[in-house]
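Descriptive structure summary
Listed below are the residues making up each chain.
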Amino acid sequence: MVFFIRLFILYILFGMEAKAQVNYDENDIPTYVLPQLLVSNDGTNINSSEEWRNIRRPEILEFLKNQVYGHFNDHRIIVKFHITDYDDGALGGRAIRKQVAISFANDIDTITANMLVYLPLSSSEPVPLIVGLNFFGNHTVHSDPSILISDSWVMNNEEFGIDDHVAPPSTRGVRAHRWPVSRIIERGYGLATIYYGDLDPDYDDGFKNGLHALQGALSKSDQKLNSSISAWAFGLSCAMDYFETDEDVDSDKIIVFGHSRLGKSSLWAGASDERFAMIISNNSGCGGAALSRRRYGETIKDINTRFPHWFASDFHQYNDNEDALPLDQHMLLATLAPRPIYVASALEDQWADPKGEFLSLFNAGPSYNLYGLKVFTNEMMPNVDDPIWAGKMAYHIRSGVHDVTLYDWEKYMDFADKHVRYSN
Ligand code: GTR
């Protein structure tokens, strides 16, 4: 009952019109055939990890870039890092806090995004670290009063008292439940986060603000590749550039994490930047981990209509036309092989199609197989609150709603302990 009441509230919240024909019935999923993962564009069978790396993976990435996620053109932009805050007595003396101003400059303007970093104080060695973008500002992830408040545009939110697109000080810590900073530190991981609106404010303005403002005039074909997700993923890659300069951090052990639209971004960052050692997709749904062809919950048309700026402009041609896509989201996950990937869903987050998220991971298996890794052998959905691992792949479906919880984090770190922290 509670489940249906919540579904109903979601339905109201996200706009009745767009969702009038949402399918939540497995029986109404159209028959579909997933495009072949291990057959290249010219029909060649891909039989080895070398062929995968040299032929098929680049083909898939090229398609994802041109037709799905786009590409942030940074050729006029110089990125620099400046540590503006350092405190080795943070979080009650258990952590180092750093705030890093990441400046993006062309020959006229500069835009700054602040990255908040916490590192466990107890470690004498460089630490593995989890990096992810946040939705309402760095200061919302913890009540630590030293965290800088961004003056970038933020989404209005009644619950948080944001009504003029400015984050007030009263929003300190409002998203702390999604970011169990002390626990992450206690488990031996560093945590870094950037407010996604510092990179690109999340509304459709024709790519004039945020980092796009620094691009200058672009060719028609480069303009078509502009997208918010690619700008957010670019920001994550810049964070990675910083980690390579920070001796307190083990840059071979950086895990990229994201929830929902930012999970779509973490997947694309992980696919396009192989320096990320592990990738976490939390409830990323349509355009993230979920298979588009199932047309269960949010569809490509829904997402492109409500968020026309998230993807490359050519992605719109697949609205109500999923079968024309020469790939599906399992291919995005397949490009991550052989790195560890954790996909997580939530039972009451049917809009994100939990089963489609799992099936995507399942169908990414053959690329992991080429590296001699174990993969899931059963298409059956696992039990709720019962994570499953196979080789470098992990999945869970948690009870509850579209969110990030302590449960999710504990499971991610269990998996990361095995495949990143204690692996060479
Ligand atoms: C929803 C959107 C989803 C997901 C979510 C979020 O409105 O339809 O694809 O990205 O937002 O990011 O919270």
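What counts, and at which threshold
Residues numbered from 1 in each chain as written. Predicted model: local features only at pLDDT ≥ 70, side-chain atom pairs only at ≥ 80, totals over all residues. Heavy atoms only, no water. Pairing = 2+ DSSP bridges. Helix = DSSP H or I, 4+ residues; strand = E, 2+ residues; numbered from the N terminus. Axes fitted to C-alpha atoms, helices over the stretch in contact; angles between N-to-C directions. Contact = heavy atoms within 4.5 Å. Expected span 1.5 Å × (residues − 1). Buried < 20%, exposed > 50% of the residue type's maximum accessible area, 1.4 Å probe, protein only. Domains from an automatic or database assignment. Buried area = accessible area lost by both parts, 1.4 Å probe. Salt bridge = Lys/Arg side-chain N within 4 Å of Asp/Glu carboxyl O. Polar contact = N/O pair within 3.5 Å; in protein donor to acceptor, adjacent residues only side chain to side chain. Nonpolar A, V, L, I, M, F, W, Y, C, P; charged D, E, K, R; others polar. Bend = angle between axes of the 7 residues up to and from the residue. Near = heavy atom within 4 Å. Areas by Shrake-Rupley, 256 points an atom, 1.4 Å probe, with all protein chains shown as cover. Core = buried A, V, L, I, M, F, W, Y, C linked by side-chain atoms within 4.5 Å.

**Some remarks on the sheet that holds strand β6 (residues 249-259)**
Two pairing modes exist for strands in a sheet, parallel and antiparallel, and in both the strands are linked by backbone hydrogen bonds. Strands sit in the order β1-β2-β3-β5-β4-β6-β7-β8-β10-β9 across an open sheet of 10 strands; the sheet is mixed. The open sheet has two edge strands, β1 (78-89) and β9 (388-390), and neither has a second partner. The sheet shows a mean angle of 20 degrees between the axes of neighbouring strands, taken without regard to direction. Where strand β8 (residues 341-346) meets strand β10 (residues 393-398), six bridges bridge the pair, whose relative direction is parallel. Each bridged residue has a counterpart across the sheet, and for Y342 the counterpart in β10 is A394. Contacting β1, β2 (95-105), β3 (110-120), β4 (127-134), β5 (190-195) and β6, helix α7 (residues 228-243) crosses the sheet at an angle of about 155 degrees to β4.

**Examining α7**
In an α-helix, one turn spans 3.6 residues; hence positions three or four apart end up facing the same way. In a regular helix each residue adds 1.5 Å, so 16 residues correspond to 22 Å; α7 covers 23 Å between its end C-alpha atoms and thus fits that length. Within α7, 15 of the 16 residues are buried, which leaves the element mostly enclosed by the surrounding structure.

**Re the domain arrangement of the protein**
Here the domain parsing of the protein yields domain 1 (1-69 + 284-402) and domain 2 (72-258). For domain 1 and domain 2, the distance between their C-alpha centres works out to 26 Å. On the domain 2 side, the residues contacting the 11 residues of domain 1 number 13 residues. Of the roughly 970 Å² buried at the junction of domain 1 and domain 2 (both faces included), carbon and sulfur atoms supply 56%. The largest contributions to the domain 1 side of the interface with domain 2 come from Y69, H309 and W310, which together make up 56% of the buried area. Connecting domain 1 to domain 2 are one salt bridge. At the boundary of domain 1 with domain 2, the tally comes to six residue pairs in polar contact (both at pLDDT 80 or more). The residue inventory of the side of domain 1 that touches domain 2, partitioned by class, reads five nonpolar, four polar and two charged.

**As for helix α2 (residues 49-69)**
In a regular helix each residue adds 1.5 Å, so 21 residues correspond to 30 Å; α2 covers only 25 Å between its end C-alpha atoms and thus falls short of that length. The largest bend along α2 measures about 35 degrees and falls at R56, with the proline P58 one to four residues further on. Every buried residue of α2 is listed here: S49, W52, R56, R57, I60, L61, F63, L64, Q67, V68 and Y69. In the core, the buried residues of α2 are packed alongside α7, α8 (261-272), α10 (329-334) and α11 (354-369). Just downstream of α2 lies G70, where phi reads positive at about 80 degrees.

**With respect to the site of the ligand**
Taken together, 12 residues lie near the ligand, and S260, R261, K264, E298 and W351 sit nearest. A distance of 2.7 Å separates an oxygen atom of the ligand from a polar atom in the side chain of S260. Residue E298 places a side-chain N or O atom 2.6 Å away from an oxygen atom belonging to the ligand. Calculation on the ligand without its partners gives an accessible area of 320 Å², and the protein chains cover 92% of this total. Taken together, the elements giving at least two residues each to the shell around the ligand come down to α8 and α9 (300-306).

**Side note on the nonpolar core**
Of all hydrophobic cores here, the largest spans 91 residues; its most connected members are F104, M115, L129, V131, F243, W268 and I341. Looking at this core, the element that brings in the most residues is α7, giving 11 residues. If you count residues domain by domain, this core takes at least three from each of domain 1 (1-69 + 284-402) and domain 2 (72-258). Contacts of W268, omitting those with residues within four sequence positions, involve L61, L64, K65, Y69, G70, I229, S230, A233 and L332. Formed by 29 residues, the second largest nonpolar core is a distinct cluster that contains W179, V181, F257 and W409.

**Some remarks on the pairing of β4**
Burial runs high along β4: eight of the eight residues are buried. Across the two faces of β4 the burial is the same, with V127, L129, V131 and L133 and P128, I130, G132 and N134 all buried. Bridge count for β4 against β6 is five bridges, and the pairing is parallel. Residue V127 lies in a different strand from β6, and its bridge partner there is V249.

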